[in-house]
Amino acid sequence: MSTFKNIQGKNIRSYANNAPNATAGEMWYNRSEQKLKGVVASAAWSSSSPMSRSSANDALGGCGTPTAGLGFGGYSPGGTVGLTEEYNGSGWTTGGAMNTPEAAMGSFGTQTAAVSAGGSPNSAVTEEYNGTAWTAVNAMGTGRGYSASAGTETSGLIAGGNSPPILGNVEEYNGSTWSEQNNLGTARYQFTGCGAANTAALVFGGSTPGDTGATEEYDGTNWTAGGSLNTGRRRLAGSGIQTSALAFGGNTTPPDTTRNLNEEYNGSTWAISPATLATARTALGSTRTSSNNSSAVAFAGSNSGGTKFTVTEEYNFTANTVTAGAWASGANYPTNLMYGGSAGTKTATVVYGGSTAPPSGGNRTTATNEYNGSSWTSGGAMPTATMQMTNLGTQTAAGSFGGNQPSGNVSTGYEYDGSSWTSGGSIGSAGYNAAGFGIQTAGVIAGGSGDRDYAAVYDGSTWTAKNNLNTGRFYTAGTGTTTAGIVMGGVSPPGAVTANTETFDGTSWTEVGNLVTARRSQSGGGDSKDDALLWAGYISADTNIMEGYDGTSWSTRPSMAVSKRNRAGSGGSTTAIATGGINPVVNSVEEFTAETTALNIVDITTS
């Protein structure tokens, strides 16, 4: 009789709890639970950060990989756009704009070597992207939109499309010129394709004009019929290679129904995956290039009602369970609050001062409240009611400096020890809404009212002026330490909202990559200047947009539930908390937790 050891070459081991460093396929006996356990791989779509474009899009181009993707062009409510965005596996950042805005184009290549070809209704324009800018190159022989595409910048393919009429002709791109090749077996449009090169391409789905599930494989010369999709549909997206591909989204007629379907191709047949898109949509973009059908990114698109999206989802077949990063409701603050100060972490924060209701000048408060991750308790009152102060430190060692009091703008400093407030060092010049970061005994202040470029360092008793900011600002935010800090956004001369970001090394300031979206009255947090978060604020209206900085560039992160500005905010690079806010003034609290992964450990049963 076969045993587990005969099959696997080893016995099932027993552990007090779960096996250390377990891997996919491993089994063990958990003595504390008295259960047979194992790690299994599974497929799932999980939410990721939305695209940064202000107007949602569909019929856009996409290419690249799940950790280095590209999305460009498309239809917005206002018409065709030339926007380009780059995906880093966590969020989106803005790239160079297309020379000719297009939608429903063919697209292939990588994030730093991409091709956009054609577009609806019958464009033949071709552009190449080098990771920074688009360049117009030789046009296709036949203008078309809603074609399928596959390959790389030097080995690309465009098939079918609508000129009109519906086309079956195929063109290959060698990095310089286009050449006609053998036609598709089934002329169609509104379909998709994938493949590592134009010698191993796969196309599937579309409209003939009726919906079809037809699949064709290309070897560089001839097209061969493959297994049909289980659900024929059009305007779908795909990713992978000829022998291991994914097909997701799209819509079917009649009636016109948006789909969240996901199917997997093994080189001969399609199988329906139990993992479906959370947002059913059509005319969506995808990263398209993966080594197999175990990963993909879907973005943007629209539904049958015409609503367009910036939503992004990631697909993974893995032994890990992915929990998407997200904001969630926390316990409400005891009172409505705006312009409050805060310090600490998501589970150990202190919020103080601020204004409880407009007009802010008559409703300042001295209240201090501490949060433990589930509830608020009262702390010692501030010596003087203050709002719009500069903040730094932790829940038990916080600092509040400057701000606005009933007497006007002040330079006063206060320090909190977890129970009561005492006087701290004066910042030297009255001001409010400056960025603050660091700890109570080693902090930094930068900027402030009047578009100031002032910067100083605190040693726990006195402030010492340092080199000024390159760009003066107020209504700004900062995070980090006295030798590795960052200040981002705000209002700068002559009063415009800025996307400017500067880092601090303890002595001087250096301008680095701009925010994706310029804003003021925002909140910030993070563990260092190279691992920062920024959320909420005001652009031309209140916003719920969140961004993250990785030491090189800013990219989008999961959005908040409510758009607000002047929220009391604090936290690290993976967790954060936002309290209150204005327009109107509220007492709501939102908490952020970044994406996490954990082994998918299951109970092994006989059922």
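Report on the accompanying structure. (Residues numbered from 1 in each chain as written. Predicted model: local features only at pLDDT ≥ 70, side-chain atom pairs only at ≥ 80, totals over all residues. Heavy atoms only, no water.)

## Digging into the side chain of R473
By secondary structure assignment, the location of R473 is in the loop between β45 (463-465) and β46 (477-480). Within the structure, R473 has its side chain in polar contact with the side chain of E502 (distance 2.9 Å). (Helix = DSSP H or I, 4+ residues; strand = E, 2+ residues; numbered from the N terminus. Polar contact = N/O pair within 3.5 Å; in protein donor to acceptor, adjacent residues only side chain to side chain.)

## Some remarks on the packing of aromatic side chains
Under the defined criterion, the tally for this structure stands at 26 aromatic pairs. Ring centres of Y173 and W178 lie 4.8 Å apart, and the angle between their planes is 40°; on these two criteria the pair is classed as tilted. Three or more aromatic residues joined by ring pairs make a cluster, and in this case those are W45, F248 and Y315. Over the face of the ring belonging to Y475 we find R520, whose NZ or CZ atom lies 5.3 Å from the ring centre. (Phe/Tyr/Trp six-rings, centres within 6.5 Å; stacked < 30°, edge-to-face > 60°. Lys NZ or Arg CZ within 6 Å of the ring centre and 35° of its normal.)

## Observations concerning the sheet that holds strand β34 (residues 341-345)
Across a sheet, paired strands are connected by hydrogen bonds in the backbone, their directions being either parallel or antiparallel. What the 4 strands build is an open sheet, ordered β34-β35-β36-β37; its pairing is antiparallel. Across the chains shown, the open sheet's two edge strands, defined by having one partner strand only, are β34 and β37 (376-378). For this sheet, the mean angle separating the axes of adjacent strands, direction not counted, is 20°. (Pairing = 2+ DSSP bridges. Axes fitted to C-alpha atoms, helices over the stretch in contact; angles between N-to-C directions.)

## Some details on the pairing of strand β54 (residues 568-571)
Note on strand geometry: in a regular strand, side chains alternate between the two faces of the sheet. On β54, burial covers both faces: A568 and S570 on one face and G569 and G571 on the other are all buried. With antiparallel pairing between neighbouring strands as the criterion, β54 and strand β55 (residues 575-579) make up a hairpin whose turn holds 3 residues. (Buried < 20%, exposed > 50% of the residue type's maximum accessible area, 1.4 Å probe, protein only.)

## Quick notes on unusual backbone geometry
A cis amide bond, omega -15°, links P254 with the succeeding residue P255. Structurally, the position occupied by P255 is in the loop between β25 (251-252) and β26 (257-258). Residue P494 is bonded to the preceding P493 through a cis peptide linkage, with omega at 0°. Relative to the helices and strands, P494 is located in the loop between β47 (485-492) and β48 (496-504). Although it is not a glycine, A283 adopts a positive phi angle of roughly 55°. Note that A283 resides in the loop between β28 (270-272) and β29 (285-286). A283 sits in the buried class, given a relative accessible area of 7%. Unusually for a residue other than glycine, N566 sits at a positive phi of about 55°. Within the secondary structure layout, N566 lies in the loop between β53 (554-557) and β54. Assessed through its relative accessible area of 9%, N566 is described here as buried.

## Concerning the environment of A117
Here A117 lies in strand β12 (residues 113-119). Residues A117 and R557 lie 440 residues apart in sequence; the distance between their C-alpha atoms is 30 Å. Discounting residues that sit within four places of it in the chain, A117 has contacts with M105, G106, V125, T126, M140, I158 and W178. (Contact = heavy atoms within 4.5 Å.)

## Observations regarding the environment of T110
Along the polypeptide, T110 turns up in strand β11 (residues 106-110). It is 7.7 Å that separates the C-alpha atoms of T110 and E153, two residues lying 43 residues apart in sequence. If sequence neighbours within four positions are ignored, T110 has contacts with C63, G64 and L70.

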